[in-house]
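# Chains, contacts and geometry: an overview
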Amino acid sequence: MKTLKIAIQKSGRLNEKSVELLKNCGLNFENYKSSLISPVSNFPLEILFLRDDDIPEYVQDGIADLGIVGENVIQETEVEVSYLQKLGFGKCSLKIAVPNNNSITALEQLNGKAIATTYPVILGKYLAEKNITSDIRTISGSVEISPGLGLSDAICDLVSTGGTLKSNGLVPFADVMSSEAVLIGQKGSENDDLVQELIQRIQSVLRAKE
Ligand code: PRT
Ligand code: ZN
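Residues numbered from 1 in each chain as written. Chains lettered and ligands numbered in written order. Predicted model: local features only at pLDDT ≥ 70, side-chain atom pairs only at ≥ 80, totals over all residues.

Within an unreviewed UniProt entry, the label attached to the protein chain reads ATP phosphoribosyltransferase, and the organism entered is Mucilaginibacter phyllosphaerae. The record in UniProt for the protein chain states the following under Catalytic activity (unreviewed entry): "1-(5-phospho-beta-D-ribosyl)-ATP + diphosphate = 5-phospho-alpha-D-ribose 1-diphosphate + ATP". (UniProt positions renumbered as here; feature names shortened; annotations may be inferred.)

Here's what the structure looks like:
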């Protein structure tokens with residue numbers, strides 16, 4: 001019999017809620033922190049624990065049939081996958097923020113300015129749509145300290161409570177995208193009976209939470 005594979009984040013903001021969702025679907029598995037794969041004892045499914053950045057490509061390439069990951073990561077990796085279900089957790093927005101003592105009030109003022117981000121693809125498309133040409137500086141983390149260090153004029157980063165922006169003297173300026181965790185599948189996987197069974201279980205867990 002066929003066994004499905006679902007990729008979830010190994011550790012980080014989405015791990016706990018992803019595990020909880022699958023457990024609430026009645027799936028029995030050990031949540032080993034040290035292993036990459038955990039078999040489910042009562043459903044033909046294996047759980048792969050991965051870095052969130054790798055999940056979209058693994059699903060696109062069929063190494064995993066399904067994945068749970070933030071929409072922001074899917075859009076940034078530009079993969080071809082099917083969106084199967086929004087999951088209602090991991091909510092955040094990708095925003096452009098500027099130092100609170102600045103004089104930037106209109107988007108056009110970002111022309112020629114340096115914007116630091118870990119989301120160059122999404123930001124690049126957003127600015128192109130608005131006909132704005134900025135210098136996108138791709139960095140791998142701690143984006144919020146970059147204006148204070150004189151490395152950029154603005155940042156584009158994920159925001160949930162807004163506390164990180166505030167404590168770094170930044171104010172949100174423009175909404176680039178909103179995001180939450182979603183269930184994705186390899187293109188066409190929605191036609192699979194086992195995938196449908198799992199989607200239905202997930203939907204009834206989400207309905208019970210409403
Ligand atoms: O190790 P791995 O690569 O798997 O994890 P990661 O470090 O890349 O990601 P992780 O665990 O930080 O986030 C996983 C996903 O959670 C993201 O891709 C988003 O879809 C979602 N998410 C929801 C967030 C946030 N909220 C969030 N607030 N991801 C990051 N942040 C960061 C943000 O970058 C900033 O540094 O939190 C800070 C801002 O938070 P506030 O509350 O101060 O606004
Ligand atoms: Zn990551």
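Moving on from the model shown.
For the protein chain, the count of helices and strands is six helices and 11 strands. Along the longest, intermediate and shortest principal axes, the C-alpha atoms of the protein chain span 60 × 35 × 30 Å. Residue burial in the protein chain is summarised as follows: out of 210 residues, 35% are buried. The contacts in the protein chain between residues at least 6 apart in sequence include a share of 63% that link residues at least 24 apart. (Helix = DSSP H or I, 4+ residues; strand = E, 2+ residues; numbered from the N terminus. Buried ≥ 20, exposed ≤ 12 C-beta atoms within 10 Å, placed from the backbone. Contact = placed C-beta atoms within 7 Å.)

This part is about the site of ligand 1. Not every one of the 21 residues close to ligand 1 is listed here, only the nearest: Gly12, Gly70, Cys92, Thr161 and Thr164. Looking at the shell around ligand 1, the elements that each hand over two or more residues are α3 (71-77), β9 (154-159) and α5 (163-167). No other element matches the three residues that β9 contributes to the shell around ligand 1. Of the residues assigned to the shell around ligand 1, the class counts are five nonpolar, 11 polar and five charged. Per-domain counts for the shell around ligand 1 show at least three residues from each of domain 1 (4-90 + 180-209) and domain 2 (92-179). (Near = placed C-beta within 6 Å. Nonpolar A, V, L, I, M, F, W, Y, C, P; charged D, E, K, R; others polar. Domains from an automatic or database assignment.)

Take the environment of Leu151 next. With respect to the helices and strands, the residue Leu151 is situated in the loop between β8 (135-138) and β9. Sequence separation between Leu151 and Arg137 is 14 residues, and the spatial gap between their C-alpha atoms is 8.8 Å. For Leu151, the residues in contact, after removing those within four places along its chain, are Ala116, Arg137 and Ser146.

Looking now at the pairing of strand β3 (residues 45-50). Sheet analysis places strand β1 (residues 4-9) next to β3, joined by six bridges and oriented parallel. When the sheet's bridge partners are listed, Ile8 is paired in β3 with Phe49. Where strand β2 (residues 37-39) folds back onto β3 in an antiparallel hairpin, the turn is made up of five residues. (Pairing = 2+ DSSP bridges.)

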